[in-house]
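Okay, here's what each chain looks like letter by letter:
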Amino acid sequence: QVQLVESGGGLVQPGGSLRLSCAASGSIFSIAVMGWYRQAPGQQRELVATTTSGGDTNYADSVKGRFTISRDNAKNTVFLQMNSLKPEDTAIYYCNAKGTTVTKNRFDAWGRGTQVTVSS
């Protein structure tokens, strides 16, 4: 009932920048938290950054000072600006949203992921 679609991944050189976007659609009443997670080959999925509807943010230590999460509540969209990218940032990046549907059911939805590759 809730779909998330990511965009903006790609190949970038070390030190470069990328901006990821994720749009949520469907039977959404409200979204409490939107965020980004990533999974590198052979590793577990890990939190990158989250933001609440009130604007509170949380970042993994590994991306603090380099990545910025932002959100457009009116459009149910979340962004991740990634600067000073490093090869270790290479992973599939997944969007996540937690909220309530119009039928007052809670949801915890995931996108399909977008590949980010940092390489020279």
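Since the structure is predicted, the reported quantities are computational estimates derived from the model, not experimental observations. (Residues numbered from 1 in each chain as written. Predicted model: local features only at pLDDT ≥ 70, side-chain atom pairs only at ≥ 80, totals over all residues. Heavy atoms only, no water.)

1. Some details on the overall build of the protein chain
Along the backbone of the protein chain there are 0 helices and 11 strands. Ordered by position from the N terminus, the helices and strands of the protein chain form the series β-β-β-β-β-β-β-β-β-β-β. Compactness check: the protein chain gives a C-alpha radius of gyration of 14 Å against a globular reference of 14 Å for 120 residues, within 12% of the reference. By residue count, 42% of the 120 residues in the protein chain fall in the buried class. Sequence-distant contacts, at least 24 apart, represent 55% of the contacts inside the protein chain between residues at least 6 apart. Put simply, the protein chain shows about 6400 Å² of open surface, and 46% of that area lies on carbon and sulfur atoms. A distance of 5 Å separates the average location of the 12 positive side-chain charges in the protein chain from that of its 8 negative side-chain charges. (Helix = DSSP H or I, 4+ residues; strand = E, 2+ residues; numbered from the N terminus. Rg over C-alpha atoms; globule rule 2.2 N^0.38 Å. Buried < 20%, exposed > 50% of the residue type's maximum accessible area, 1.4 Å probe, protein only. Contact = heavy atoms within 4.5 Å. Areas by Shrake-Rupley, 256 points an atom, 1.4 Å probe, with all protein chains shown as cover. Lys, Arg positive; Asp, Glu negative; His and termini not counted. Charge placed at Lys NZ, Arg CZ, Asp CG, Glu CD.)

2. Observations regarding the nonpolar core
Counting residues in each nonpolar core, the largest one holds 31 residues, and the members touching the most others are Trp36, Val48, Phe67, Leu80, Met82 and Tyr93. In contact with Tyr93, other than residues within four places in its own chain, are Glu6, Leu20, Trp36, Tyr37, Arg38, Val48, Phe67, Leu80, Met82, Gly113, Thr114 and Val116. (Core = buried A, V, L, I, M, F, W, Y, C linked by side-chain atoms within 4.5 Å.)

3. Some thoughts on the side chain of Arg38
For Arg38, the position within the fold is in strand β4 (residues 28–39). With a relative accessible area of 5%, Arg38 lands in the buried category. At 3.4 Å, the side chain of Arg38 and the side chain of Ser62 are in polar contact. What Arg38 contacts, discounting residues up to four positions off in sequence, is Gln44, Arg45, Glu46, Val48, Ser62, Val63, Phe67, Glu88, Asp89, Ala91, Ile92 and Tyr93. (Polar contact = N/O pair within 3.5 Å; in protein donor to acceptor, adjacent residues only side chain to side chain.)

4. Describing unusual backbone geometry
The residue Ser84 is not glycine, and still its phi comes out positive at about 50 degrees. Position of Ser84 relative to the elements: it lies in the loop between β8 (77–82) and β9 (91–101). A positive phi angle, near 65 degrees, is found at Lys104, a position not held by glycine. Within the secondary structure, Lys104 sits in the loop between β9 and β10 (106–110). Its relative accessible area of 54% is what places Lys104 among the exposed residues.

5. Overview of the pairing of strand β1 (residues 2–7)
Of the two faces of β1, the one lined by Val2, Leu4 and Glu6 is fully buried and the one lined by Gln3, Val5 and Ser7 carries no buried residue. Bridge count for β1 against strand β3 (residues 18–26) is 6 bridges, and the pairing is antiparallel. Pairing of Glu6 across the sheet is with Cys22, part of β3. (Pairing = 2+ DSSP bridges.)

6. Remarks on the state of the cysteines
The full count for this structure, using the stated rule, is 1 disulfide. The disulfide bridge from Cys22 ends at Cys95, spanning 2.0 Å between sulfur atoms. Its S-S torsion of about -85 degrees marks the bond between Cys22 and Cys95 as left-handed, since a negative value means left-handed. One end of the pair, Cys22, is in strand β3; the other, Cys95, is in strand β9, and 73 residues separate them in sequence. For the pair Cys22 and Cys95, one class covers both residues: buried. (Disulfide = S-S within 2.5 Å.)

The values reported here are purely geometric and, on their own, carry no functional implication.
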